[in-house]
Amino acid sequence: MSGTSPTTSPTTSPTTSAVRVSRRSAVVLTVASLAGLMMLGWPLLLQVPDDARVDPPFLFLALLPVVVAVVLAELTEGGLDARVLAVLGVLSAVQAVLRAVSAGTAGVELVFFLLVLAGRVFGPGFGFVLGCTSLFASALMTAGVGPWLPFQMMCAAWMGMGAGLLPRRVRGRWEIAMLAAYAAVAAYLFGALMNLSSWPFLLGVQVPGHEGSLAFVPGAPLMENLTTFLVYTLVTSTGSFDTVRAITNVVAVVLLGPAVLTTLRRAARRATVVGTVRSERPVRA
């Protein structure tokens, strides 16, 4: 009796992405990101008569969840492995609990450091998906569902995706330093983008200690409104909530990063096993 006996040799790679991003998925992700940026910054490009009123874009609020859903469907088109899906569910639940515990009081938010670490380990596609699911789950748990939620989901998804796009060869202390720096920058960007989602619709913005209004002026030149928005962000959030959020992220990454990265990479090796089939020599009986 002779024949071949195929066996499966499991191999693992530290750079294997839990959610693979194909070329088409990358294009969809890029287009959706550009659409998200337009939904955030469209008032800056709007040309309207003087003293005209700009209302919140309820159409955009309806379209943004659709855009997010399309991206999630595209990223998971090939089907999520049960193990990857389990990891995604566990991390989303942990993120929801962390957000409920910290609740963003005075800017202290523990939800983002884990998102950065998970995106680093599992790749940009997984980071994008986790950003969406974790913010959605935490919003349900903390009764934080509102018109701001789609923007929070998109911004958090960008944070997770960006962590997955960082250089893969960096390891050890340099990796922790890189992730801490990225977490700090991402904290400031998240705050600025969330400010941009609401600032154009605030009327008569007056900040103590600052002369003049910091409100959006419909139809004003782009640079004028952009300068006003930057001042508004610096005065109202950058020096307070955003800075505390950045410090929280950096401290959490530095103190907990090595242990969490080790745990996540162990889970990644088990969740993203790649099987290779090889044939043994014929066996004669």
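Position numbers for residues count from 1 along each chain, tracking the sequence in the order it is written. Confidence filtering applies because this is a predicted model: local features only for residues at pLDDT of at least 70, side-chain atom pairs given and counted only at 80 or more, and all residues used for totals across whole chains, interfaces and linings. As a rule here, side-chain values cover all heavy atoms of the structure and leave hydrogens and water aside.

## Things to note about the overall build of the protein chain
Strands are runs of DSSP state E lasting at least 2 residues, helices are runs of H or I lasting at least 4, and numbering of each runs from the N terminus. Secondary structure summary: the protein chain contains eight helices and two strands in total. Residue burial in the protein chain is summarised as follows: out of 285 residues, 45% are buried. Every residue pair with non-hydrogen atoms within 4.5 Å of one another is taken to be in contact. Excluding contacts between residues fewer than 6 apart, the proportion of contacts in the protein chain whose partners are at least 24 apart in sequence is 81%. Computed with a 1.4 Å probe, the accessible areas rest on the Shrake-Rupley method; for each residue, only the protein chains presented here act as cover. Summed over its atoms, the accessible surface of the protein chain is roughly 14900 Å², and 67% of this surface lies on carbon and sulfur atoms. Burial status follows relative accessibility: with a 1.4 Å probe on protein chains alone, a residue under 20% of its type maximum counts as buried, one over 50% as exposed, and anything between as partly exposed.

## Structural notes on the pattern of salt bridges
Whenever a carboxyl oxygen of Asp or Glu lies within 4 Å of a side-chain nitrogen of Lys or Arg, that contact is scored as a salt bridge. By the definition in use, this model includes four salt bridges. Ionic pairing is found between Arg120 and Glu175, a salt bridge with its closest N-O pair at 2.8 Å. Of this pair, Arg120 sits in helix H4 (residues 111-122) while Glu175 sits in helix H7 (residues 173-198), and the two are 55 residues apart along the sequence. A relative accessible area of 0% means that Arg120 is categorised as buried. Residue Arg171 is joined to Glu175 by a salt bridge in which the shortest nitrogen-to-oxygen separation is 3.6 Å. Residue classification places Glu175 among the buried residues on the basis of a relative accessible area of 3%. Shared partners join several salt bridges into a network, and the residues in it are Arg120, Arg171, Glu175 and Arg265.

## Observations regarding H4
The end-to-end C-alpha distance of H4 is 17 Å, a good match for the 16 Å that 12 residues give at a rise of 1.5 Å each. Burial within H4 is extensive, with 12 of its 12 residues counted as buried. Listed as buried for H4 are Val111, Phe112, Phe113, Leu114, Leu115, Val116, Leu117, Ala118, Gly119, Arg120, Val121 and Phe122. Two residues or fewer past H4, Gly123 is found with a positive phi of approximately 105°. Every helix has an expected span of 1.5 Å times one less than the residues it contains.

## Observations concerning the confidence of the model for the protein chain
Values of pLDDT, which run from 0 to 100, indicate the predictor's confidence residue by residue. Across the protein chain, pLDDT averages 76, with 69% of residues at or above 70. Segment residues 273-280: pLDDT under 50, and 24 contacts once partners within four positions in sequence are set aside and those in other chains are kept.

## Quick look at the packing of H4 against H7
Note on definitions: angles span 0 to 180 degrees between N-to-C directions of axes, and those axes are lines fitted to C-alpha atoms, for helices only across the stretch in contact. The geometry of H4 relative to H7 is characterised by a closest axis approach of 10 Å and an angle of 125° between their N-to-C directions. On the basis of the axis angle, H4 is oblique to H7. For the crossing formed where H4 meets H7, the hand is right-handed. Residues Phe112, Val116, Leu117 and Arg120 of H4 form the contact with H7, whose own contacting residues are Glu175, Met178, Leu179, Tyr182, Ala183 and Phe190. When residues are sorted by character, Ala, Val, Leu, Ile, Met, Phe, Trp, Tyr, Cys and Pro go into the nonpolar class, Asp, Glu, Lys and Arg into the charged class, and all the rest, Gly among them, into the polar class. Taken together, the residues of the contact of H4 with H7 break down into eight nonpolar, no polar and two charged. By the definition adopted for this analysis, an angle is roughly parallel if under 35 degrees, roughly antiparallel if over 145, roughly perpendicular if from 65 to 115, and oblique otherwise. By convention the crossing between two helices is left-handed if the near helix lies anticlockwise of the far one by an angle smaller than a right angle, and right-handed if it lies clockwise.

## Observations regarding the packing of H4 against helix H6 (residues 149-164)
Here H4 crosses H6 at 40°, and the two axes come no closer than 6 Å. Relative to H6, the element H4 is oriented oblique. Remark: the crossing between H4 and H6 carries right-handed chirality. Between H4 and H6, the residues in contact are Phe112, Leu115, Val116, Gly119 and Arg120 and Ala156, Met159, Gly160, Ala163 and Gly164, respectively. In terms of residue class, the contact of H4 with H6 is made up of six nonpolar, three polar and one charged.

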